[in-house]
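A look at the structure
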Amino acid sequence: MVNSDSAPTGQRSRKLAWIAGAVALVLLLLALSLRFALQPERVTGLILDRVGSALGLEITASSTGEYRLRGTPTLVVRNVVAREPGAATPLLRADRIFLSLPWSTIRARGSDLTVNRIEIERPLLDLDALQHWLDRRPPGKTRIPTLTDGLRVRDGTIVTAGWTLTEVALELPTLHPGQRVNARTSGRYRSGSVQAPFALDVVLSQPAADAALGIAGQIGIERERWRIPARVVLSGMLHLGNGWRLDRARLAAVARYVSGDTDLPFVLGMAGTLRHVDGRLGLVPAGIAVRGDSPIPDIDAHGAVALADALELQLTGSLQAWPEAWPTLPPPIGESQSPLPFALQYTGNSDFSDIAALQLRRDAARFDGRFRLPDVTAWIDAAAGGSPLPPLDGRVTTPGLEISGAQLEGVEITLDEPDVPDVDGTP
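Presented here is a report on the structure given in the accompanying data block. Quick caveat, the model's predicted, so the values are computed rather than measured. (Residues numbered from 1 in each chain as written. Predicted model: local features only at pLDDT ≥ 70, side-chain atom pairs only at ≥ 80, totals over all residues. Heavy atoms only, no water.)

Regarding the overall build of the protein
- Helix and strand content of the protein: five helices and 24 strands.
- Expressed as a percentage of its 427 residues, the buried residues of the protein come to 36%.
- At a minimum sequence separation of 6, the contacts of the protein that also span at least 24 residues come to 45%.
- Accessible area for the protein stands at about 24900 Å²; split by element, carbon and sulfur atoms hold 58% of it. (Helix = DSSP H or I, 4+ residues; strand = E, 2+ residues; numbered from the N terminus. Buried < 20%, exposed > 50% of the residue type's maximum accessible area, 1.4 Å probe, protein only. Contact = heavy atoms within 4.5 Å. Areas by Shrake-Rupley, 256 points an atom, 1.4 Å probe, with all protein chains shown as cover.)

Focus on the environment of aspartate 298
- Along the polypeptide, aspartate 298 turns up in the loop between β17 (280-292) and β18 (299-307).
- Separated by 31 residues in sequence, aspartate 298 and valine 267 have C-alpha atoms that sit 9.7 Å apart.
- Among the polar contacts listed, one links the side chain of aspartate 298 to the backbone nitrogen of glycine 292, at a separation of 3.2 Å. (Polar contact = N/O pair within 3.5 Å; in protein donor to acceptor, adjacent residues only side chain to side chain.)

Thoughts on unusual backbone geometry
- For the peptide bond that leads from serine 294 to proline 295, omega is 15 degrees, which places it in the cis range.
- Looking at the secondary structure, you find proline 295 in the loop between β17 and β18.
- Across the junction of proline 331 and proline 332, the peptide omega takes the value 0 degrees, indicating a cis bond.
- The residue proline 332 is located in the loop between β19 (311-319) and β20 (340-348) in this model.

Digging into the pattern of salt bridges
- Counted under the stated rule, the structure contains 17 salt bridges.
- For arginine 122, the salt bridge identified is with aspartate 95, shortest N-O distance 3.1 Å. Note that arginine 122 is positioned in the loop between β6 (117-121) and β7 (124-126) and aspartate 95 in strand β4 (residues 92-100), a separation of 27 residues in sequence.
- Classification of arginine 122 as partly exposed rests on a relative accessible area of 48%.
- With a relative accessible area of 35%, aspartate 95 lands in the partly exposed category.
- Arginine 96 is the salt-bridge partner of glutamate 119, the closest N and O atoms lying 3.5 Å from each other. Note that glutamate 119 is positioned in strand β6 and arginine 96 in strand β4, a separation of 23 residues in sequence. Summarising the burial analysis for this pair, glutamate 119 and arginine 96 share the class buried. (Salt bridge = Lys/Arg side-chain N within 4 Å of Asp/Glu carboxyl O.)

Focus: the environment of leucine 389
- Residue position: leucine 389 is located in the loop between α5 (373-381) and β23 (392-403).
- Judged by its relative accessible area of 53%, leucine 389 is exposed.
- Leucine 389 sits 10 residues away from tryptophan 379 along the chain, and the two C-alpha atoms are 8.8 Å apart.

A short note on the pairing of strand β14 (residues 227-240)
- Pairing of strand β13 (residues 210-222) with β14, which is carried by 13 bridges, proceeds in the antiparallel orientation. Note that in β14 the partner of alanine 216 across the bridge is valine 233.
- A loop of four residues connects β13 with β14, the two strands running antiparallel in sequence.
- The pairing of β14 with strand β15 (residues 244-259) spans 11 bridges and is antiparallel. The residue bridging leucine 234 from the neighbouring strand is leucine 251, located in β15.
- Here β14 hands over to β15 after three residues, with glycine 241 in that stretch at a positive phi of 130 degrees. (Pairing = 2+ DSSP bridges.)

These results come straight from atomic positions and should not be treated as a statement about function.
The following block contains the structure:
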């Protein structure tokens with residue numbers, strides 16, 4: 001005899017087994033889907049696409065990314081390239097970018113910009129391409145992210161017309177909107193035959209478009225036969241927009257000129273408005289003062305200084321006195337205690353190897369000429385046993401001159417330096 005309850009019980013068992021199997025199948029399909037969706041290359045592509053869309057950039061990574069979701073989420077992407085859509089030159093390349101951010105930032109979907117840490121290795125930043133992108137960003141309030149564990153950049157390169165920064169390192173311990181920023185950076189400036197290694201501490205009153213900036217540290221200017229190591233302090237009010245501008249800029253440097261056995265200390269002061277626009281760095285108007293022991297002259301000058309594809313100087317001022325270590329001027333020019341007003345113009349390589357134009361006066365005596373600074377400094381260094389005439393091209397006029405006891409009046413002297421071509425370019 002068959003129990004009447006057995007059939008319903010069997011049917012329920014089969015139904016429960018079918019439901020359990022269906023649930024297991026759904027869970028298996030979901031697991032496979034999640035595994036497929038969360039493959040590193042898909043997660044990396046999704047994140048880069050979202051970030052690129054927010055910034056108006058095309059951001060790609062040529063190798064598979066790495067991510068971790070357990071604990072504090074992290075993402076590592078390699079061979080990153082960021083460019084404006086359609087641009088031939090990327091504004092940024094990087095071998096590796098590491099990003100660590102809390103779950104709260106991920107869940108906030110952009111309303112919270114808190115990040116734990118960013119690390120960037122071997123970035124290449126094109127300053128001109130970056131400026132082009134910044135100029136086309138829509139107007140609006142800039143949001144400053146929070147970096148709780150800071151930013152580190154290693155072995156970076158920054159390129160622009162006329163100069164390059166290499167070996168760039170940056171350590172930014174923390175970043176918070178409205179709070180003071182402390183950072184340390186180092187690297188090497190290169191332009192033509194001139195290099196300038198630097199290691200600087202940077203302080204910003206706040207990470208905003210208008211903030212007080214302070215920089216202090218070591219900078220050296222180096223060329224094949226000489227170098228100028230210096231301890232510098234720079235301050236001013238930083239403004240961002242259409243490049244950047246440092247108002248009320250003040251630079252003080254305690255430096256030395258070193259060449260062979262020569263070691264000459266001097267101090268330098270500069271003041272004005274420092275501006276960088278479209279790859280051109282300029283100090284206009286510029287005030288400059290130099291003080292040092294002979295043969296370093298005491299100089300006060302004002303005018304304009306600019307650096308882009310070439311170095312440009314337009315300065316007027318005066319030498320307070322003729323340095324004792326320089327070759328002696330004949331009387332009555334050499335006997336005068338008057339300062340020597342001058343006007344200097346130079347456009348050329350940043351190592352001053354090109355031709356400069358100079359007007360120099362003392363009382364009624366006047367010099368108008370052209371020269372190469374390395375040739376003149378070499379002549380001064382070898383004045384005791386070298387040529388009695390400086391390597392200048394130009395003309396000296398003076399009402400009177402005494403040479404070997406002879407009194408000359410209405411003197412006009414023409415100096416012809418073969419290595420300095422005439423104004424029209426002829427030898």
